[in-house]
Amino acid sequence: MDRRRDVNRAGLVDIIAGARPNFMKIAPIIRAIQQRQAGGSALRYRLVHTGQHYDARMSGDFFTQLGIPEPDVNLEVGSGTQAEQTAGIMTKYERLLLDARSDLCLVVGDVTSTMACAIAAQKLRVPVAHVEAGIRSGDWAMPEEINRLVTDAITNWFFTTSEVANANLRGAGVAPERLFFVGNTMIDTLLANLGRLRPPPFWNDAGLQPGGYFVMTLHRPANVDDAAGFARLIEAVGRATRGLPVVFPVHPRTAKTLAALPQRPAGLLTVDPQPYLEFNHLVRHARGVITDSGGVTEETTVLGVPCVTLRDTTERPETVTVGTNELIGTDPAALEPALARLFAGQWKKGAIPPLWDGHTGERIAEILERLLVRPGQADTPAAGSGGAAAGS
């Protein structure tokens, strides 16, 4: 599908989205650009969906619920290995730029589409801006960490969520004028939709009550790919949650391993991946969240919900140092003592990190206008001249 906007005038931003984590992050940026356009701004955007996630549960539901317009271009890359998806996205996005060049490629987060479109754009000397730049887990076994490192190495302008990310980029040699500490667009989306959150259809049938259940999300290879290890983890969850229901939206990556388990805890409620409004209703009213996701820890921090992360490292340390999240590693034995503190009322209260205030999309749109429409008011490095690679 291709509904290209007018690409013959300056100020055109390609907004790249390819997978579920991206959609919450682009909605506030699109809304802020539309507001500027209503005020007469020449800033424009072209929404490019790579098709990395093509299942409605992982993609389409989010567009509908978050009011994201239909993509102008859908590259329809579909499934495949990471290398196959990277190659497919690069090839198709390159063709789009050759046919109808944009003035800037705006990528968000750390999925395959983020890295692939950044590479394709820079090879054609289209500048790249990265939203959520500079976050690092230090774990190169995570595909997302490789995507972050590669993307930031060829980025021109960096939009960051925290001072930790700023420090990471400064340490890599990024010049201060390329750094924009703007906050967290995913939190913009959360705060804008708090009044619209709604229970999923199974809420009443499952007998769920606020504070009377846990939510669990698991998809990291270290937790779900090994059947024996996954079985031990699920057993530990059953013990640690003391009989309370555990709502488990099952990621496609996890479904096969889960199906092979000989038994499951009685309280484990497995459901399909949930749309945005229903999932965050579940999180908002949970006793606690058990996860290996990074994005969920940001949402629990803002909602004030206790969160246990089954990982050794996190690229979002502010959710631990400021928020309600705790890292406990991947040993299932660590889960029971952690939740014992929660049941005893000894979990930290947490706070909200700076600039996670619901206005990040507006700050990004204002900077984009300065960079592209009123370039005399900002330093504008040429494509290929910026990023960590240029500063190191």
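Please read these numbers as outputs of a predicted model, since none were measured by experiment.

About the criteria used
Residues numbered from 1 in each chain as written. Predicted model: local features only at pLDDT ≥ 70, side-chain atom pairs only at ≥ 80, totals over all residues. Heavy atoms only, no water. Helix = DSSP H or I, 4+ residues; strand = E, 2+ residues; numbered from the N terminus. Expected span 1.5 Å × (residues − 1). Buried < 20%, exposed > 50% of the residue type's maximum accessible area, 1.4 Å probe, protein only. Pairing = 2+ DSSP bridges. Contact = heavy atoms within 4.5 Å. Axes fitted to C-alpha atoms, helices over the stretch in contact; angles between N-to-C directions. 1 Å grid on protein atoms, 1.4 Å probe; cavity = no way out; pocket = protein on both sides within 12 Å on 5 of 7 lines; lining within 4 Å. Points joined across faces, edges and corners; volume = space filled by probe spheres on them. Nonpolar A, V, L, I, M, F, W, Y, C, P; charged D, E, K, R; others polar. Core = buried A, V, L, I, M, F, W, Y, C linked by side-chain atoms within 4.5 Å. pLDDT = per-residue confidence, 0-100. Parallel < 35°, antiparallel > 145°, perpendicular 65-115°, else oblique. Left-handed = near helix turned anticlockwise from the far one by under 90°. Polar contact = N/O pair within 3.5 Å; in protein donor to acceptor, adjacent residues only side chain to side chain. Salt bridge = Lys/Arg side-chain N within 4 Å of Asp/Glu carboxyl O. Phe/Tyr/Trp six-rings, centres within 6.5 Å; stacked < 30°, edge-to-face > 60°.

1. Let's talk about helix α9 (residues 227–240)
Thinking step 1. Taking 1.5 Å as the rise per residue, α9 with 14 residues should run 20 Å; its terminal C-alpha atoms sit 20 Å apart, in good agreement.
Thinking step 2. Along α9, the residues classified as buried are Gly 229, Phe 230, Ala 231, Leu 233, Ile 234, Ala 236, Val 237 and Ala 240.
Thinking step 3. A positive backbone phi angle near 55 degrees is found at Arg 242, which sits one or two residues after α9.

2. Brief notes about the sheet that holds strand β6 (residues 157–160)
Thinking step 1. Spatially, seven strands are ordered β3-β2-β1-β4-β5-β6-β7 in an open sheet, and the strand pairing comes out parallel. Two strands in the sheet have a free side with no partner beyond their single neighbour: β3 (73–74) and β7 (179–181).
Thinking step 2. In the packing of helix α4 (residues 112–123) onto the sheet, contacts are made with β1 (12–17), β4 (104–108) and β5 (128–131), and the angle to β4 comes to roughly 165 degrees.
Thinking step 3. Contacting β6 and β7, helix α6 (residues 163–171) crosses the sheet at an angle of about 170 degrees to β7.

3. Description of the layout of surface pockets
By rolling a water-sized probe across the atoms, one finds the places where empty space is left.
Thinking step 1. Quantified by volume, the second largest pocket comes out at close to 210 Å³.
Thinking step 2. Along its surface, the second largest pocket is lined by 14 residues, and Asp 139, Met 142, Arg 220, Ala 222 and Arg 311 are the ones closest to its centre.
Thinking step 3. Of all the secondary-structure elements, those providing two or more residues to the lining of the second largest pocket are α5 (143–153) and α8 (221–224).
Thinking step 4. At three residues, the largest contribution of residues to the lining of the second largest pocket is made by α8.
Thinking step 5. When grouped by side-chain class, the residues that make up the lining of the second largest pocket number six nonpolar, three polar and five charged.

4. What to know about the environment of Val 283
Thinking step 1. Tracing the sequence through the fold places Val 283 in helix α11 (residues 276–284).
Thinking step 2. A residue is classified by how much of its surface remains accessible, and Val 283, at 0% relative accessible area, is buried.
Thinking step 3. In this structure the C-alpha to C-alpha distance between Val 283 and Ala 27, which are 256 residues apart in sequence, comes to 20 Å.
Thinking step 4. With residues near it in sequence (within four places) discarded, Val 283 still touches Val 215, Val 289, Thr 300, Leu 303 and Val 305.

5. Re the nonpolar core
Thinking step 1. Formed by 57 residues in total, the largest nonpolar core has its most connected members in Ile 15, Ile 68 and Phe 159.
Thinking step 2. No other element matches helix α1 (residues 20–38), which puts eight residues into this core.
Thinking step 3. With sequence-adjacent residues up to four places away left out, Ile 15 is seen in contact with Ile 26, Ile 29, Ile 30, Ile 33, Tyr 45, Arg 46, Leu 47, Val 48 and Leu 106.
Thinking step 4. In terms of nonpolar packing, the next biggest core, distinct from the first, is built from 26 residues, Val 250, Leu 268, Ile 290 and Trp 347 among them.

6. Quick word on the confidence of the model for the protein
The predicted coordinates of low-pLDDT regions are not to be read in fine detail.
Thinking step 1. With 91% of its residues at a pLDDT of at least 70, the protein reaches an overall mean of 91.
Thinking step 2. Segment residues 1–8: pLDDT under 50, and 27 contacts once partners within four positions in sequence are set aside and those in other chains are kept.
Thinking step 3. Considering only residues more than four positions removed or in separate chains, one finds that residues 378–392, a stretch of pLDDT under 50, has 43 contacts.

7. Things to note about helix α12 (residues 295–303)
Thinking step 1. With nine of nine residues buried, α12 is to be regarded as a mostly interior element.
Thinking step 2. Looking at α12, one finds that the buried residues are Gly 295, Val 296, Thr 297, Glu 298, Glu 299, Thr 300, Thr 301, Val 302 and Leu 303.
Thinking step 3. Looking at the residues trailing α12, positive phi occurs at Gly 304, about 75 degrees.

8. Concerning the packing of α1 against helix α15 (residues 360–372)
Thinking step 1. Packing of α1 against α15 leaves a shortest axis separation of 8 Å and a crossing angle of 55 degrees. On the basis of their axis angle, the class for α1 and α15 is oblique. Once α1 is placed against α15, the crossing between them reads as right-handed. Of α15, the residues touching α1 (which contributes Pro 28, Ile 29, Ala 32, Ile 33, Gln 35 and Arg 36) are Gly 361, Glu 362, Ile 364, Ala 365, Glu 366, Leu 368 and Glu 369.
Thinking step 2. Split by residue class, the contact of α1 with α15 holds seven nonpolar, two polar and four charged.

9. Considering the side chain of Thr 155
Thinking step 1. For Thr 155, the position within the fold is in the loop between α5 and β6.
Thinking step 2. Look at Thr 155 and you get buried, because its relative accessible area is 0%.
Thinking step 3. Engagement of the side chain of Thr 155 in a polar contact is seen with the backbone oxygen of Thr 151, the distance being 2.7 Å.

10. A short note on the pattern of salt bridges
Thinking step 1. Under the counting rule described, the total for this entry stands at 18 salt bridges.
Thinking step 2. In this structure, Asp 99 and Arg 95 form a salt bridge, with 3.6 Å as the shortest nitrogen-oxygen distance. Remark: Arg 95 and Asp 99 occur in helix α3 (residues 82–99); sequence separation between them is four residues, near one turn of the helix.
Thinking step 3. Residue Glu 315 is joined to Arg 316 by a salt bridge in which the shortest nitrogen-to-oxygen separation is 2.5 Å. Taken as a pair, Glu 315 and Arg 316 share a single burial class, namely buried.

11. A closer look at the packing of aromatic side chains
Thinking step 1. Enumeration according to the criterion identifies six aromatic pairs in this entry.
Thinking step 2. Among the aromatic residues, ring-to-ring pairing joins Phe 23, Phe 62, Phe 63 and Tyr 276 into one connected group.

12. A closer look at unusual backbone geometry
Thinking step 1. Even without glycine at this site, Glu 76 takes up a positive phi of about 50 degrees.
Thinking step 2. Inspection of the secondary structure assignment puts Glu 76 in the loop between β3 and α3.
Thinking step 3. Glu 76 sits in the exposed class, given a relative accessible area of 51%.

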